[in-house]
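# Commentary on secondary and tertiary structure
So you can see what is in the structure, the chains are spelled out below.
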2 protein chains.
Amino acid sequence: MSISVNSSDRVCENGIQHVELLPATNDVHGGVIVDMKDAMDAQHFLTLLRASISQWRREGKKGVWIKLPIELVNLVETAVKEGFRYHHAEPHYLMLVYWIPETTNTLPANASHRVSVGAIVVNDKKEMLVVQEKSGRFQGTGVWKIPTGVVDEGEDIFKAAVREVKEETGIDAEFLEVLAFRQSHKSFFEKSDLSFVCMLHPQTFDIEKQELEIEAAKWMPLEEYAAQPVTQTHALFKYILELGLAKLDRDYAGFSPLHITSVFDDKLSFLYLNRAGDAVPKFS
Amino acid sequence: MSISVNSSDRVCENGIQHVELLPATNDVHGGVIVDMKDAMDAQHFLTLLRASISQWRREGKKGVWIKLPIELVNLVETAVKEGFRYHHAEPHYLMLVYWIPETTNTLPANASHRVSVGAIVVNDKKEMLVVQEKSGRFQGTGVWKIPTGVVDEGEDIFKAAVREVKEETGIDAEFLEVLAFRQSHKSFFEKSDLSFVCMLHPQTFDIEKQELEIEAAKWMPLEEYAAQPVTQTHALFKYILELGLAKLDRDYAGFSPLHITSVFDDKLSFLYLNRAGDAVPKFS
């Protein structure tokens, strides 16, 4: 008995033809995800890829995701020449995607925003926690600013604010509210920024500054912060002061987080809303 | 006269050696950006890349960015083997980066969040603008939901809310406030979502639904929306109703946008904050 097989096919004892495919798992949107881990030469990858796409097309699959660790960079060109497009990338991997059906693709958009936090922390003596940074725009300028930082992958905004304050100054603080947020564009290439101005209440008072990023940290009287030239000339410094004062002196209402179950997948997430006063939604 | 030159060097008439480098522009952080446009074979690219890195190292440059359109996928492997890492990718290009100095790299983090909007639009008859979608989770379920959509690259949140309402239903509406926002994680692979629940006031009332995405659109009495089974069982449907009622009936205070000049680069951006009532910060 003779069966014509190509290099990706295997023949079992009973003569049934088995085609070798890329290792894939199904996603919940009718697509498949290939998480490549082992080294492979480009020719072998091409053979498996073509056989796999044929199979998935027969099965009515939609999006095909291939995650290539940077060590498998030798396979990128092959995937692109077979019609894959880039979806997103992180330092150590590249995610490629291919849409099989004739219909309009409904692939999720890529991440478009970086998210950061700034933390207003004021003690009972009306002193604000401020730092001087070792790098960045204000390096060597003598400018005192509030602790700021980028929200880590998968991190909640309110936890990022608490973490940044602890990391930069050693101060433990309780998260109170998001007082405001700012959206700005083209922060790096075509990507945008969302920066959340948060109010925290300090629970400890002895500063231990971080060596790596922070030149100096201290409690500064609010009048002194207000008197800095940069607070007079730079809008965001002024707004941060005014937001802090509005919260401290006039009970300004920002947004605070409420733990909810996501509508779509039963995952827990946080809804940030105005929870002060009488107008607040009553959730059972 | 004989001078040893490699393939990337040129010798002018006066015998001065000129090294051919990749086309680059300086960025404001002491780095360089290479925006590759023309086809090039990988060997020639390697020669230019090595000569360029040497030159930039002598000049004290820090981050080196290389933007490769997907048509130049043949150069990706070369760049990675020379020490470049992925930074981010969009369907049609890949951004690679290399940090020259010995010091800790201060390259900006990649975008981590996708941003979307949901629009609560209620008319004077206390009817809410709702749609049924042609694809997605609620396809064919009979569920009526508010118009939602992803914020485009470089688009302001409040503009996205107005645009989505117009696109899906043909209704012109004025943006009022962000009533709340939700942060959720691992929405696609490791990336997170920030979804802004917005309140808009309708300015027109005749619905013209979009053919591509929308199965049906109508004005629905709030009691009817409340009575949908999904509003009873799904937290976000319930929260959207409660937020809308809090705004309509009890003057709930959300965040509204204020045009400000960015502290860093004089670019205009929007600060979203609570601008209702007496506690509001007074910005001159």
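Just so it is clear, the model here is predicted, and its values are computed rather than measured. Along each chain, residues carry numbers from 1 onward, in the same order as the chain's sequence is written. A letter from A marks each chain and a number from 1 marks each ligand, given out in the order of writing. Only residues with pLDDT of at least 70 are given local features in this predicted model, and only at 80 or more are side-chain atom pairs given and counted; all residues enter the totals for whole chains, interfaces and linings. Hydrogens and water are ignored here; the side-chain numbers use all heavy atoms of the structure.

## A look at the packing of aromatic side chains
Paired rings are identified among Phe, Tyr and Trp, the last through its six-membered ring, by centres lying within 6.5 Å, and are further divided according to the angle between planes into stacked (under 30 degrees), edge-to-face (over 60) and tilted (the rest). Taken as a whole and assessed by the stated rule, the structure comprises 24 aromatic pairs over all chains. When the centroid spacing of 6.0 Å and the interplanar angle of 45° are considered together, the rings of A:Phe181 and B:Phe255 count as tilted. Taken together, the residues A:Phe181 in strand E11 (residues 173-188) and B:Phe255 in the loop between helix H6 (235-250) and strand E14 (256-261) connect one chain to another. Considered together, A:Phe181 and B:Phe255 belong to a single accessibility category, that of buried residues. Counting from the N terminus, the helices are the DSSP runs of H or I reaching at least four residues and the strands are the DSSP runs of E reaching at least two. Per-residue accessibility, obtained with a 1.4 Å probe over protein chains only, is compared with the maximum for each type, and a residue is labelled buried under 20%, exposed over 50%, and partly exposed between these values.

## Examining helix H3 (residues 157-169) of chain A
An expected span of 1.5 Å times one less than the residue number is assigned to each helix. Here H3(A) contains 13 residues, and its C-alpha end-to-end distance of 18 Å stays within 8% of the 18 Å for a straight helix at 1.5 Å per residue. Every buried residue belonging to H3(A) is among A:Ile157, A:Phe158, A:Ala160, A:Ala161, A:Arg163, A:Glu164, A:Val165, A:Glu168 and A:Thr169, and all of these are buried.

## Some words on the side chain of B:Glu168
Residue and element names in this part refer to chain B. Within the secondary structure, Glu 168 sits in helix H3 (residues 157-169). Think of it this way: Lys and Arg go in the positive column, Asp and Glu in the negative one, and His and the chain ends go nowhere. Only one rule defines a salt bridge in this text: a Lys or Arg side-chain nitrogen within 4 Å of an Asp or Glu carboxyl oxygen. An unpaired buried charge is present at Glu 168: no salt bridge exists, and Lys 145, the closest side chain of opposite charge, is 5.5 Å distant. Any two residues whose heavy atoms approach within 4.5 Å are treated as being in contact. Each residue touching Glu 168, except ones within four places of it in the same chain, is listed here: Val 131, Pro 147, Thr 148, Glu 208, Lys 209, Gln 210, Glu 213 and Ile 214.

## Some points on the pairing of strand E6 (residues 85-90) of chain B
Residue and element names in this part refer to chain B. Among the six residues that make up E6, five are buried, leaving the element largely enclosed by the rest of the structure. Here, a strand pair is defined by DSSP locating no fewer than two bridges between the strands. The pairing of E6 with strand E7 (residues 93-99) spans five bridges and is antiparallel. Paired with His 88 across the strands is Met 95, a residue of E7. Here E6 folds back onto E7 in antiparallel fashion, the turn holding two residues.

## Some thoughts on the sheet that holds strand E5 (residues 63-69) of chain A
All names here are of chain A. As summarised here, the arrangement of the five strands in space is E3-E4-E5-E7-E6, forming an open sheet in which the pairing is mixed. With partners counted over all chains shown, the strands left at the sheet margins are strand E3 (25-26) and strand E6 (85-90), one partner each. Across four bridges, the pairing between strand E4 (residues 32-35) and E5 is parallel. Bridge assignment links Val 34 to a residue of E5, and that residue is Ile 66. Every axis corresponds to a line fitted to the C-alpha atoms, with the helix fit spanning only the stretch in contact, and the corresponding angles, defined between N-to-C directions, vary from 0 to 180 degrees. Each of E4, E5 and strand E7 (93-99) touches helix H1 (residues 42-58); the most contacted strand, E5, lies at about 155° to it.

## Thoughts on the relation of the copies chain B and chain A
Least squares is the method for superposing the copies, and the C-alpha atoms it fits come from residues with pLDDT of at least 70 in both. Superposing chain B onto chain A requires a rotation of 180° together with a translation of 0.0 Å along the rotation axis, leaving an RMSD of 0.1 Å. As the rotation angle and translation indicate, the two copies are arranged about a two-fold axis. When you check the interface residues of chain B against chain A, 99% turn up at the interface there too, and the contact is symmetric in its surfaces.

That's the geometry; what it means functionally is another story.
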